Amino acid sequence: MDAKSWIQEVRAAGKLMAAGDLAGAESRYRGLLDTGAVTPLYRALALDGLGRALFEQGRQKEAIDAIEEAVALLREHQGAKDPVTCGALQNLGRLYLAAGQVDKALAVGREAVEGLRAGFGDDHPLVAGAMLRLSANLYTQGDLDGAEELLLKARAAFEKQSDKQSRLDVATCLNNLGRIHEERGDPITGIDLHRQAVAIRKELLGDHADTAFSLGNLGVALATMGRWQEAVDTLQEALDCYARAGRSSGPDIEGYRKNLEVCRHALQMMGPEAAPRTCGK
């Protein structure tokens, strides 16, 4: 198979995965591997795609094996600073984290950040994106200081860009920083950060699941301060936004709906000027 045909097959497999046909994507990727890749890079790309397709089917062990092989090929033939290598490392980190292999997930996440930083400098959006993803892993493990440090660096790098995606990435940083401040017992700062995230996503996305998610986080933060009426209004706005975006169910939606019920009950029983109570997330 020549390089042009191989690339067309990779794109076809990617389209199948995007459409939810995971078995079809797996079959395409395996077919590419069976025919022999044109170069180690192409074989690594097929293995990375196969690993992602297997992961989405819940086959973690097979997925990790495939992407570990891809990473080994890329480290050898592309080098540690190559963005393709670093992208595969981040995919591998996601799989490690899902499998409970936290130390490995953090190690490959840091390797990706350092590789991209060495290749592109601190302010490149690829570096910022890798820091954003690594911060999420640190947050999951309760390392709030480490997560905040990376988020602040990522935010600063994204703010130096002018494209739409970088502005949306700023909103993600703000959202995550808001959660960190909430967990530290500083809901006032958390609310301010969530408001900033909501404003960006409303402007750039309008009625979108990400906008609704930020509204929901803001509503929960307001509830933790006992600002019941604002919390009710914001949580209802989040659910309405999800509906306009074509979403009516899911873990986040159910969580916000339950929060809304609790907050409405508090408002009825105690009034909008009631003393603060915590509304569970």
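Notes on the structure in this doc start here. Here the structure is a predicted model, which is why all the values come from computation and not from measurement.

Quick notes on the rules
Residues numbered from 1 in each chain as written. Predicted model: local features only at pLDDT ≥ 70, side-chain atom pairs only at ≥ 80, totals over all residues. Heavy atoms only, no water. Helix = DSSP H or I, 4+ residues; strand = E, 2+ residues; numbered from the N terminus. Buried < 20%, exposed > 50% of the residue type's maximum accessible area, 1.4 Å probe, protein only. Contact = heavy atoms within 4.5 Å. Lys, Arg positive; Asp, Glu negative; His and termini not counted. Charge placed at Lys NZ, Arg CZ, Asp CG, Glu CD. Salt bridge = Lys/Arg side-chain N within 4 Å of Asp/Glu carboxyl O. Phe/Tyr/Trp six-rings, centres within 6.5 Å; stacked < 30°, edge-to-face > 60°. Expected span 1.5 Å × (residues − 1).

On to the overall build of the protein, then. When helices and strands are counted, the protein shows 13 helices and zero strands. For the protein, the N- to C-terminal ordering of α and β elements is α-α-α-α-α-α-α-α-α-α-α-α-α. Based on the C-alpha atoms only, the size of the protein along its principal axes is roughly 70 × 35 × 35 Å. Across the 281 residues that make up the protein, the buried fraction comes to 43%. A separation threshold of at least 6 residues defines the contact pool for the protein, and within that pool the share at least 24 residues apart is 57%. The average position of the 34 basic charges and that of the 40 acidic charges among the side chains of the protein differ by 2 Å.

Turning to the pattern of salt bridges, a few remarks are in order. Under the criterion given, the structure shown has 23 salt bridges. The salt bridge partner of E203 is R167, with a shortest N-O separation of 2.9 Å. Here R167 lies in helix α9 (residues 164-183) and E203 lies in helix α10 (residues 187-205), a separation of 36 residues in the sequence. Classification of R167 as partly exposed rests on a relative accessible area of 31%. With a closest N to O distance of 3.3 Å, E230 and R195 form a salt bridge. Highlighted residues: E230 in helix α12 (residues 228-244) and R195 in helix α10, separated in sequence by 35 residues. We classify R195 as partly exposed; its relative accessible area is 37%. A cluster of three or more residues bridged by salt bridges with shared partners is formed by E26, R30, R59 and E62.

Glancing now at the packing of aromatic side chains. Counted according to the given criterion, the structure contains three aromatic pairs. Measuring from ring centre to ring centre gives 4.5 Å for W6 and Y42, while their planes differ by 10°; the resulting arrangement is stacked. Of this pair, W6 sits in helix α1 (residues 3-18) while Y42 is found in helix α3 (residues 40-56), placing the two residues 36 residues apart along the sequence. Each member of the pair, W6 together with Y42, is buried. Pairwise contacts between aromatic rings join F213, Y242 and Y256 into one cluster.

Glancing now at α9. End to end, α9 covers 29 Å across 20 residues, agreeing with the expected 28 Å (1.5 Å per residue, within 8%). One or two positions beyond α9, positive phi appears at G185, with a value near 85°.

Read these as spatial facts, not as claims about activity.
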